[in-house]
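As a plain string of letters, each chain reads:
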Amino acid sequence: MTTDAGPHDPPPPIRVLLAEDQVLIRDSLKVLIDATPGLATVGEAGTGAEAVLLARRQRPDVVLMDVRMPDMDGIEATRRICADPDSAGIRVLILTTFDQDEYVYASLRAGASGFLVKSATATELLAAIRVIASGEALLAPTVTRRLIAEFLRGPHPAPVLRDLSDITQREREVLTLVGKGMSNSEIAEHLHLTVGTVKTHISRLLAKLRARDRAQLVVAAYEGGLITLPEGRR
């Protein structure tokens, strides 16, 4: 990526790696992304193993990762990309279909920074890529709520026990609401705080729980028992 751009030059494009085994979908995504100012594809992978290899080689800003792929699924590919120091900083946006894929929890634990349903519009896809690339909180609150709702309704693994003893009572309240998919403004209104104070609590939670982003806070809320499953699903 060039670093000698002048003050009035446009910023370098967001570099996207496509990991999707269906060629028609992959080609369509490539055409859409390459036709969008500020975005550019830097590689295409048809398997999870190819995605890991190309992520290390191309160092994209965002990997658009399908879950179901041959050779290595998207969850394992995500785990390897996020765990590799050589690909640190690469953010993974998972493509999922809620009525088919039962991998929400595993994907979050693997390090995914966001989810996108395959029924999303082109506008939603492009917006999601930009949000992920900016390092922000991965998911629109409405998507988070839908994700959690579908996860709680579907088959799920037993949670890994998470020790939350180092966080304060107020941080616990904020974490619970993050886990429920509330936005910062919604949390502020619910707890009668300012949005700035909520952001401070979230920053402290990220540091204390060693979470890379808001998705990992959702994991922590679930593992810490702050999000409870409906009766009969425990």
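As the structure is a computational prediction, the values presented were derived from the model and not from experiment.

### Remarks on helix H1 (residues 23-34)
Part 1 of the argument: End to end, H1 covers 16 Å across 12 residues, agreeing with the expected 16 Å (1.5 Å per residue, within 8%).
Part 2 of the argument: Listed in full, the buried residues belonging to H1 are Arg 26, Leu 29 and Ile 33. Down the axis of H1, the sector holding all buried residues measures 65 degrees, keeping them to one side. Relative to its buried face, H1 has exposed residues pointing more than 90 degrees away, namely Leu 24 and Val 31.
Part 3 of the argument: Tucked inside the fold, the buried residues of H1 contact strand S1 (14-19), strand S2 (39-45), strand S3 (62-66), strand S4 (91-96) and helix H5 (122-133).

### Comments concerning the packing of helix H8 (residues 184-191) against helix H9 (residues 195-208)
Part 1 of the argument: Contact geometry for H8 and H9: axes closest at 8 Å, N-to-C directions at 105 degrees. If you check the angle between H8 and H9, you find them roughly perpendicular. Of H9, the residues touching H8 (which contributes Asn 184, Ser 185, Ile 187 and Ala 188) are Val 195, Val 198, Lys 199 and Ile 202.
Part 2 of the argument: Tallied by class, residues from the contact of H8 with H9 come to five nonpolar, two polar and one charged.

### Brief notes about unusual backbone geometry
Residues apart from glycine generally show negative phi values, whereas peptide bonds are mostly found in trans.
Part 1 of the argument: Positive phi, close to 75 degrees, is recorded for Asp 71, a residue that is not glycine.
Part 2 of the argument: Structurally, the position occupied by Asp 71 is in the loop between S3 and helix H3 (74-83).
Part 3 of the argument: For Arg 210, which is not a glycine, the phi torsion comes out positive at approximately 50 degrees.
Part 4 of the argument: Note that Arg 210 resides in the loop between H9 and helix H10 (214-223).

### A closer look at the sheet that holds S2
Part 1 of the argument: Spatially, S2-S1-S3-S4-S5 is the arrangement adopted by the five strands of the open sheet, whose pairing is parallel. Looking at strand neighbours, the two that pair on one side only are S2 and strand S5 (114-117), the edges of this open sheet. For this sheet, the mean inter-axis angle between neighbouring strands, taken without regard to orientation, is 25 degrees.
Part 2 of the argument: Both S1 and S3 contribute to a ladder of four bridges, which runs parallel. Residue pairing across strands places Ala 19 opposite Met 65, the latter belonging to S3.
Part 3 of the argument: Relative to S2, H1 is tilted by about 160 degrees, and along the sheet it contacts S1, S2, S3 and S4.

About the criteria used
Residues numbered from 1 in each chain as written. Predicted model: local features only at pLDDT ≥ 70, side-chain atom pairs only at ≥ 80, totals over all residues. Heavy atoms only, no water. Helix = DSSP H or I, 4+ residues; strand = E, 2+ residues; numbered from the N terminus. Expected span 1.5 Å × (residues − 1). Buried < 20%, exposed > 50% of the residue type's maximum accessible area, 1.4 Å probe, protein only. Arc of directions from axis to C-beta. Contact = heavy atoms within 4.5 Å. Axes fitted to C-alpha atoms, helices over the stretch in contact; angles between N-to-C directions. Parallel < 35°, antiparallel > 145°, perpendicular 65-115°, else oblique. Nonpolar A, V, L, I, M, F, W, Y, C, P; charged D, E, K, R; others polar. Pairing = 2+ DSSP bridges.

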